[in-house]
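Single-letter residue listing:
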Amino acid sequence: MEPKKVLKVGLDSAAPFPMHSDYNSEKFEGFEVDLMKAITEHLDIEVEYEVSLWATILEKLFKGELDLICSAVTVTSSRRHILEFSNPYLHFRLCAVVNSDGDLRDINDLKNKTIGIREATEAERYVHVNFPGNNMVHAETNKELYRKLQAGKIDLLIDDSPIAGGFLQKNKKLKVGMYLPKTDSQYAIAMKKGDTQLRDQFNEVLSLLKENGTYQTIYKKWFTDIQF
């Protein structure tokens, strides 16, 4: 019997729950964990996870030291130049998170505010492009970012709405102040550039999981009351 094919999958060490929890915690779980399990079981492939800083896993995938990343990777045109992407498995927008007594009426309310962002993310790029004059505070992890907001060190933070939703479920002192206009985004599985065979295999199974209802079951399990 041939040994099973093993895929090396990169994970962000700053776990973007509910996409996935911390790999080294007692319970490794989340939407992407269930999705990967369903896909790889169907393809009869084994998975070996590797955890690293966000910038490091992107670099490792580009160099071919990883087979794929399934860890809240936003599809962008610049990433498409250097990586291969599966079809998207989640659509969302960026949002601004504030303390529960904070108020944001429209996008102009973000001017002159101190904004918190995570390094090397699409949220960071958004702030640099749209609010270059603002005071920006960078964080390496989600936890650090949300802590800064609670401590009043920043006025608001900008994050992907599914990840913000995961934090807000556990933290009633914070809320989504607004969803940012024109930030429609998608998560997909990132692979090495040119790895079209693997991409096609994954796309085929993703379509199948949507057709047979498995995808919807996983979605409902993790995103009961979160609006994107």
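Thresholds applied
Residues numbered from 1 in each chain as written. Predicted model: local features only at pLDDT ≥ 70, side-chain atom pairs only at ≥ 80, totals over all residues. Heavy atoms only, no water. Helix = DSSP H or I, 4+ residues; strand = E, 2+ residues; numbered from the N terminus. Rg over C-alpha atoms; globule rule 2.2 N^0.38 Å. Buried < 20%, exposed > 50% of the residue type's maximum accessible area, 1.4 Å probe, protein only. Contact = heavy atoms within 4.5 Å. Lys, Arg positive; Asp, Glu negative; His and termini not counted. Charge placed at Lys NZ, Arg CZ, Asp CG, Glu CD. Arc of directions from axis to C-beta. Pairing = 2+ DSSP bridges. Axes fitted to C-alpha atoms, helices over the stretch in contact; angles between N-to-C directions. Polar contact = N/O pair within 3.5 Å; in protein donor to acceptor, adjacent residues only side chain to side chain. Left-handed = near helix turned anticlockwise from the far one by under 90°. Nonpolar A, V, L, I, M, F, W, Y, C, P; charged D, E, K, R; others polar.

Asks: Teacher, can you tell me more about the overall build of the protein here?
Replies: Each helix and strand in the protein was counted, giving 8 helices and 12 strands. Taken against the 2.2 N^0.38 rule, which gives 17 Å for 228 residues, the C-alpha radius of gyration of the protein at 18 Å falls within 12% of a compact globule. Across its three principal directions, the C-alpha atoms of the protein cover 65 × 35 × 30 Å. A total of 228 residues make up the protein; the buried ones form 50% of that total. The long-range fraction of contacts in the protein, counting pairs at least 24 apart against all pairs at least 6 apart in sequence, stands at 73%. In the protein, which carries 30 positive and 34 negative side-chain charges, the distance between the mean positions of the two groups comes to 4 Å.

Asks: How should helix α2 (residues 54-63) be read in this particular structure?
Replies: Residues spaced three or four apart along an α-helix point in a common direction, a consequence of the helix completing one turn every 3.6 residues. Within α2 the residues assigned to the buried category are W54, I57, L58 and L61. End-on, the buried residues of α2 take up no more than an arc of 100°, which puts them together on one face. Just downstream of α2, G64 is the residue with a positive phi angle, here 90°.

Asks: How should I be thinking about the sheet that holds strand β6 (residues 94-99) in this particular structure?
Replies: The strands making up a sheet are joined through hydrogen bonds of the backbone, oriented either antiparallel or parallel. Spatially, 5 strands are ordered β8-β7-β9-β6-β10 in an open sheet, and the strand pairing comes out mixed. Two strands in the sheet have a free side with no partner beyond their single neighbour: β8 (135-139) and β10 (174-179). Adjacent strand axes in the sheet meet at a mean angle of 35° when their direction is disregarded. The sheet contact formed by strand β7 (residues 114-118) and β8 spans 5 bridges and is parallel. Residue pairing in the sheet places R118 in a bridge with A139 of β8. Across the sheet, helix α6 (residues 161-170) is in contact with β6, β9 (156-160) and β10; its angle to β9 comes to roughly 120°.

Asks: Which parts of the structure should I look at to understand the side chain of T121?
Replies: Relative to the helices and strands, T121 is located in the loop between β7 and α4 (122-130). At 3.2 Å, the side chain of T121 forms a polar contact with the backbone nitrogen of E124.

Asks: I'm lost on the packing of helix α5 (residues 142-150) against α6 in this one. Help?
Replies: Between two packed helices, the angle of one axis relative to the other and the distance separating the axes together describe the packing. Remark: α5 packs on α6, axes separated minimally by 12 Å, with the N-to-C direction vectors making an angle of 65°. As α5 runs across α6, the sense of the crossing is right-handed. Touching N142, K143 and Y146 of α5 are I163, A164 and F167, all from α6. Taken together, the residues of the contact of α5 with α6 break down into 4 nonpolar, 1 polar and 1 charged.

Asks: Help me understand the sheet that holds strand β12 (residues 190-192) in this model?
Replies: Here 5 strands make up an open sheet; going across it, the order is β2-β1-β3-β12-β4 and the pairing mixed. Where the open sheet ends on each side, the last strands, each with one partner, are β2 (45-52) and β4 (83-85). For strand β3 (residues 68-69) and β12, the ladder comprises 2 bridges, and the chain directions are antiparallel. Looking across to β12, one finds that L68 is bridged to M191. Running at roughly 145° to β2, helix α1 (residues 31-43) makes contact with β1 (5-12), β2 and β3 of the sheet.

Remember, this is a structural readout, not a statement about activity or role.
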